[in-house]
Amino acid sequence: MTHDCSTPIISEGTYAFDARGIAKRFRHAAIFGALNALLPGETMRFCNDHNPLPLLTQIEQYFGDRVTISYVSKEPGEIVIDFVVAH
């Protein structure tokens, strides 16, 4: 399955976030800022070059049930995850 995370809006209510172009020291702050900006029912489609397990743990601890995490793709060098904000 191929994904183009350079497209800002994938479909209505789904927004791409390509972490690969963000300096590592800014990534977590940018990701949390983007997640906080989403409205209920919206999705952030996250692309990264590796599986961000520590980040996922932080997101689960901070957002709890408000954000659902689901993998779209686990291709080497391109991990794609949907973060969905609960209604």
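For the structure, see preceding data.
Residues numbered from 1 in each chain as written. Predicted model: local features only at pLDDT ≥ 70, side-chain atom pairs only at ≥ 80, totals over all residues. Heavy atoms only, no water.

1. Concerning the overall build of the protein
Just so we agree on the cut-off: Starting at the N terminus, helices and strands are each numbered in turn, a helix being any DSSP run of H or I of at least four residues and a strand any DSSP run of E of at least two. Buried, partly exposed and exposed residues are distinguished by accessible area as a fraction of the type maximum, computed with a 1.4 Å probe on protein chains only: under 20%, between the cut-offs, and over 50%, respectively. Contacts were defined at the residue level, with two residues in contact if any of their heavy atoms lie within 4.5 Å. Residue burial considers only the protein chains on display, and all accessible areas are found by Shrake-Rupley using a 1.4 Å probe.
Looking only at helices and strands, one finds two helices and five strands in the protein. Looking at the protein as a whole, 37% of its 87 residues are labelled buried. Taking as baseline every contact in the protein between residues at least 6 positions apart, the subset at least 24 positions apart corresponds to 60%. A total of about 5,200 Å² of accessible surface is found on the protein, and carbon and sulfur atoms cover 55% of it.

2. Section: the pairing of strand S5 (residues 78-85)
Sheet faces and side chains relate simply in a regular strand, where the side chains alternate between the two faces. Which entries qualify depends on this criterion: Between any two strands, at least two bridges found by DSSP are needed for them to pair.
Taking burial as the measure, the eight residues of S5 include seven buried ones, the bulk of the element. Pairing analysis gives six bridges linking strand S3 (residues 43-48) to S5, with the strands arranged antiparallel. Looking at S5, one finds that Cys 47 is bridged to Val 80. With antiparallel pairing between neighbouring strands as the criterion, strand S4 (residues 67-75) and S5 make up a hairpin whose turn holds two residues, including Gly 77 at a positive phi of roughly 85°.

3. Topic: the packing of aromatic side chains
Between two aromatic rings, the relevant description is the distance of the centres plus the angle of the planes. Selection rule: Stacked, tilted and edge-to-face are the three classes applied to pairs of Phe, Tyr and Trp rings, where Trp contributes its six-membered ring and a pair requires centres within 6.5 Å; stacked means planes under 30 degrees apart, edge-to-face means over 60, and tilted covers the rest. Criterion for a charge above a ring: Arg CZ or Lys NZ at most 6 Å from the ring centre, at most 35 degrees from the ring normal.
Per the stated rule, a full pass over the model turns up five aromatic pairs. Each ring, one from Phe 32 and one from Tyr 62, has its centre 5.5 Å from the other, and the planes form 80°; the classification is edge-to-face. You can see Phe 32 sitting in helix H1 (residues 24-37) and its partner Tyr 62 sitting in helix H2 (residues 53-63), a full 30 residues away along the chain. With a relative accessible area of 16%, Phe 32 lands in the buried category. Consider the rings of Phe 32 and Phe 63, whose centres lie 5.8 Å apart with planes at 20°: the pair is stacked. Taken as a pair, Phe 32 in helix H1 and Phe 63 in helix H2 lie far apart in primary sequence, 31 residues in all. Among the residues examined, Phe 63 registers a relative accessible area of 5% and is labelled buried. The lysine or arginine in question, Lys 74, covers the ring of Tyr 71, its NZ or CZ lying 4.2 Å from the ring centre.

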